[in-house]
Amino acid sequence: MLANFLIGLREGLEAGLVVSILVAYLVKTERRALLRPVWMGIAAAVVVSLAFGALLTYGPRGLTFEAQEFIGGSLSIIAVGFVTWMVFWMAKAARGIATELNGQIDAAAAGFWSLFVVALLAVGREGLETALFLWAATNVATSNGTTSSVGPLLAAALGIAVAALLAWLLYRGAVRINLRRFFKWSGVFVVVIAAGVLSYGVHDLQESGVLPGLDNLLFDVSNVVDPTSWYGTLLKAVFNFSPQTTVLQGIAWLLYIVPTMTLFLWMVRNRPQPRRDRAVADKPATQEKAVA
Amino acid sequence: MRRARPLAGTALAAVLACSACTVDNSNSNNGGSSGAPQKLTVAASDDACKVSSDHAPAGTLTFEVTNKGSKVTEFYMLAESGQHVVGEVENIGPGLTRSLVVQASAGRYVTACKPGMTGKGIRHSFTVTGG
C-alpha cells in the first residue's frame, strides 16, 4: 500500500512543482489570461501520456527499454531548456513590472505557446513512465483472476492526489509572500529543480545507451538513503536526487547549476532599486490590479 | 518572446516524430528476421527472482515481471559482467506486473530483481541462444 502510494506521490510531485510555481507567478502578476495555455499544456500532457501508455500496455507492441529511456531522457533535457527560459522570463518580467503597469508592454500574448510547451513538458516528460505504472495498477484492479485487487491503483491514485494537494499548498504559500521575495526564491527553487531534471535526463540517456558511463559512479549512498523511504521519495521528487549518481550526471548538474544560478542571482540582485520601483513591486497583487 | 513560438513548435514536432519512430522501430524488430518475440515471466518477491526460463532465442524478449513481494522492485537484464545494463524496468509496485522489452543478441547475461531498489539484487544467469 505505502510503496505504491509513494510512487504515485513522487511522480505527482515531479510533475506538479514547476507548474504550481508558474501558476502562482501568473496569478501574482495578474496575467490570468496566460493560465489557459498552462492548463492546456497540462491536459495535453496527461492525455498524450495516458493514451500512449495504454497503447503500449494493451496494444500488441511494447516499447523497447532503450526507446523508453530515450523518450524520457530527451524530454527531460528539452524540459530543462524551457523551464530555464521560464525562470528568466519571470525574472525579466519582474524587472519590467513598473513599465508594464504603465501600459507600455504586454508580453502576455507572445508567451502563449512557450507557456503551453513549458507546462506540457514539465508534466509530460515523465508522463509515459507514470502512465505505464498507472495502467499496470489498473490491470491488476480489472483482472478477473485471483490476483485482482484495487489496492495498488487506489494507493497510486491517493499518492497523486496528495502530490496535487502539496502542489496546491505550495501555490497558496507562493501567492502570499511578497512579490520580490517570490521572484527570487521561486527562481532559485526552479533552477535547482531543473538541474535535477537535467541530471535525471542524462541518466536516462545513459541507460538508453546514447550517452556512455552508466557504470561510472560518482557516489553511491543507496545504503544510507533508502530510495523506498519517504525522505528518499521526497529527495527524488523535488531534487531528482538519485542515491547512485554517475560522474556524467554530476558534471551535467554542476555545469548547469553554477552558471544558471549565478546569472539568475545577478539578474535579480544587480539592479537599481529606486524607491518607487520597490514600492510597486512590494504591493500585494490585488492592489496591482487596481493600478493596472 | 515571439521567437519562442517556432522553437516550441519545432520541439513539439521533434518529440512527436521521435516517439513515433521508436514505436516503428520496435514494430519492425518484432516482425524482423531475428525470430519470433519471446515472452518470459518473472516472479519477483522480497527474496526471490524466478524467471520462467534461463534461456531464450535471440531477438525481441519480453519479460513480464510480477511483484509478489511487499517492496517496490526493479528488474534488470545485465551483461555477463553484471556491470552493463541491457534493460531495466522500474517502479514495479507490490502487486503490479510490468514488462521489459529488450532486443537481445546471443550471449550470456544476468537477470536481477532489486527489491527495495538497493543493493546488487537477486541475480541469476541467463543465456540467449542463436542469433
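Computed from a prediction, not measured in an experiment: that's the story for all the values here.

**Student:** Kindly report on the confidence of the model for chain A, identifying the contributing residues and their values.
**Tutor:** As a general rule, the predicted coordinates of low-pLDDT regions are not to be interpreted in detail. Residues and elements named next belong to chain A. Averaged over every residue, the pLDDT of chain A is 85; the share at 70 or more is 86%. Under a pLDDT of 50 for its full length, residues 102-106 has, in the predicted model, two contacts with residues more than four places off or in other chains. Scored below 50 in pLDDT, residues 275-292 makes 22 contacts in the model with residues more than four places away or belonging to other chains.

**Student:** Break down the pattern of salt bridges for me, citing the residues and quoting the values.
**Tutor:** Residue and element names in this part refer to chain A. Throughout the structure, instances matching the rule amount to three salt bridges over all chains. With its nearest N and O atoms 2.9 Å apart, the salt bridge here joins Arg10 to Glu11. Look at Arg10 and you get buried, because its relative accessible area is 8%. For Lys236, the salt bridge is made with Glu14, and the minimal N-O distance between the two is 3.0 Å.

**Student:** How would you sum up the sheet that holds strand 8 (residues 107-113) of chain B? Please name residues and give values.
**Tutor:** All names here are of chain B. Read from one edge to the other, the open sheet built from five strands follows the order 3-9-8-5-6, with strand pairing classed as mixed. Since the sheet does not close on itself, it has two edges, and those belong to strand 3 (55-57) and strand 6 (85-92), each with one partner. In this sheet, neighbouring strand axes are inclined to one another by 20° on average, regardless of whether the strands run parallel or antiparallel. Strand direction decides the pairing type here: strand 3 and strand 9 (residues 122-129), joined by three bridges, are parallel.

**Student:** How would you explain the state of the cysteines if you had to name every residue and give the values?
**Tutor:** Residue and element names in this part refer to chain B. Tallied over the entire structure, the rule returns one disulfide over all chains. One disulfide bridge connects Cys49 with Cys113, the sulfur atoms lying 2.0 Å from each other. Disulfide Cys49-Cys113: the torsion about the S-S bond is 65°, which places it as right-handed. Residue Cys49 is found in strand 2 (residues 49-51), and its partner Cys113 is found in strand 8; the two are separated by 64 residues along the sequence.

Procedures and definitions
Residues numbered from 1 in each chain as written. Chains lettered and ligands numbered in written order. Predicted model: local features only at pLDDT ≥ 70, side-chain atom pairs only at ≥ 80, totals over all residues. Heavy atoms only, no water. pLDDT = per-residue confidence, 0-100. Contact = heavy atoms within 4.5 Å. Salt bridge = Lys/Arg side-chain N within 4 Å of Asp/Glu carboxyl O. Buried < 20%, exposed > 50% of the residue type's maximum accessible area, 1.4 Å probe, protein only. Pairing = 2+ DSSP bridges. Helix = DSSP H or I, 4+ residues; strand = E, 2+ residues; numbered from the N terminus. Axes fitted to C-alpha atoms, helices over the stretch in contact; angles between N-to-C directions. Disulfide = S-S within 2.5 Å.

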